[in-house]
Amino acid sequence: MSEQGKTPSASMTTVTKLMMPMDASVSGNVFGGTILKLIDEVGSIAAVRHARKNIVTASVDQMNFLAPVHVGDLLRVIASVNYVHKTSMEIGVRVEAEDPLTGKIRHTGTCYLTCVALDKYGRPTPVPTLIPDTEQDKRHWAEAEVRRDHRLQHLGKK
Ligand SMILES: CC(C)(COP(=O)(O)OP(=O)(O)OC[C@H]1O[C@@H](n2cnc3c(N)ncnc32)[C@H](O)[C@@H]1OP(=O)(O)O)[C@@H](O)C(=O)NCCC(=O)NCCS
């Protein structure tokens, strides 16, 4: 039996990390892989907080790097559950870079993960329903539903 429904805010997760030289190329631009790893980690935390079960990342939608992130920037990754179906959840992840000296924040990318909850045998298992609370939650739900359709069509599962 799955838990009662939860709002997106119940699992919202934010992680901020100072970008160091080891996160970047010699030019000082942070590697895309550094950002993708953090997206997967933070998105997975939001998914586990919603499901309270083990989860795997089933897919990562296209990621566009909108602006460079530099060594010394604070990379902020914000993840929340946009949509749930039976065993899967779409997690929206927003990536921002903050200049710690000026406080100026740049939106550097947005990415959508699909995570699937697993039971103790490693099989997909139901997740709690999502209760879109605010107008923004409702918009995220509707947009995620469209993306799910496209994803499943692309996979030949619809
Ligand atoms: C994700 C995984 C468990 C799905 O297994 P499966 O046998 O395809 O399971 P099902 O067909 O029953 O699908 C289960 C759910 O996953 C969704 N799903 C499966 N593959 C998907 C994909 N590539 N993208 C998005 N959703 C997917 C299905 O739509 C379904 O959702 P629903 O129950 O909410 O309707 C399996 O493909 C897997 O283990 N993949 C490897 C995951 C991994 O190792 N990730 C990296 C490390 S975390």
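Here we summarise the structure given alongside this text.

1. Examining the environment of Leu-152
So, step 1. Relative to the elements of secondary structure, Leu-152 occurs in helix α2 (residues 135–155).
So, step 2. If we ignore the near neighbours within four places in the chain, the residues touching Leu-152 are Lys-157 and Lys-158.

2. What about the nonpolar core?
Nonpolar side chains in soluble globular proteins tend to end up buried together.
So, step 1. Among the nonpolar cores identified, the biggest contains 29 residues, and Ile-39, Leu-75, Met-89 and Ile-91 are the most heavily contacted of them.
So, step 2. Of the residues forming this core, the biggest block, 7 residues, is contributed by helix α1 (residues 32–51).
So, step 3. If we skip the residues at most four places from it in the chain, Leu-75 touches Val-15, Thr-16, Lys-17, Met-19, Ile-35, Leu-38, Val-69, Val-95 and Glu-96.

3. Topic: the packing of aromatic side chains
So, step 1. Here the structure, examined in full by the defined rule, presents 1 aromatic pair.
So, step 2. Plain terms: the ring middles of Tyr-83 and Trp-141 are 4.5 Å apart, the flat faces sit at 55 degrees to each other, and that makes the pair tilted. Taken together, the residues span a long stretch of sequence, with Tyr-83 in strand β3 (residues 74–84) and Trp-141 in helix α2 at a distance of 58 residues.
So, step 3. The positively charged end of Arg-147 is found above the aromatic ring belonging to Tyr-112, 3.6 Å away from the centroid.

4. Structural notes on the sheet that holds strand β1 (residues 13–18)
So, step 1. Judged by pairing direction, the sheet is antiparallel, and its 5 strands sit side by side in the order β1-β3-β4-β5-β2 without closing on themselves. In the strand order of this sheet, the two ends are held by β1 and β2 (54–60), each with one partner. Averaged over all adjacent pairs, the angle separating strand axes in this sheet is 30 degrees, with direction ignored.
So, step 2. With 6 bridges joining them, β1 and β3 adopt antiparallel strand pairing. What sits directly across from Val-15, in β3, is Val-77.
So, step 3. Set on the sheet, α1 makes contact with β1, β2, β3, β4 (88–98) and β5 (105–118); between it and β3 the angle comes to about 40 degrees.
So, step 4. In the packing of α2 onto the sheet, the strands contacted are β2, β3, β4 and β5, and the crossing angle to β3 comes to about 80 degrees.

Basis of the calculations
Residues numbered from 1 in each chain as written. Predicted model: local features only at pLDDT ≥ 70, side-chain atom pairs only at ≥ 80, totals over all residues. Heavy atoms only, no water. Helix = DSSP H or I, 4+ residues; strand = E, 2+ residues; numbered from the N terminus. Contact = heavy atoms within 4.5 Å. Core = buried A, V, L, I, M, F, W, Y, C linked by side-chain atoms within 4.5 Å. Buried < 20%, exposed > 50% of the residue type's maximum accessible area, 1.4 Å probe, protein only. Phe/Tyr/Trp six-rings, centres within 6.5 Å; stacked < 30°, edge-to-face > 60°. Lys NZ or Arg CZ within 6 Å of the ring centre and 35° of its normal. Pairing = 2+ DSSP bridges. Axes fitted to C-alpha atoms, helices over the stretch in contact; angles between N-to-C directions.

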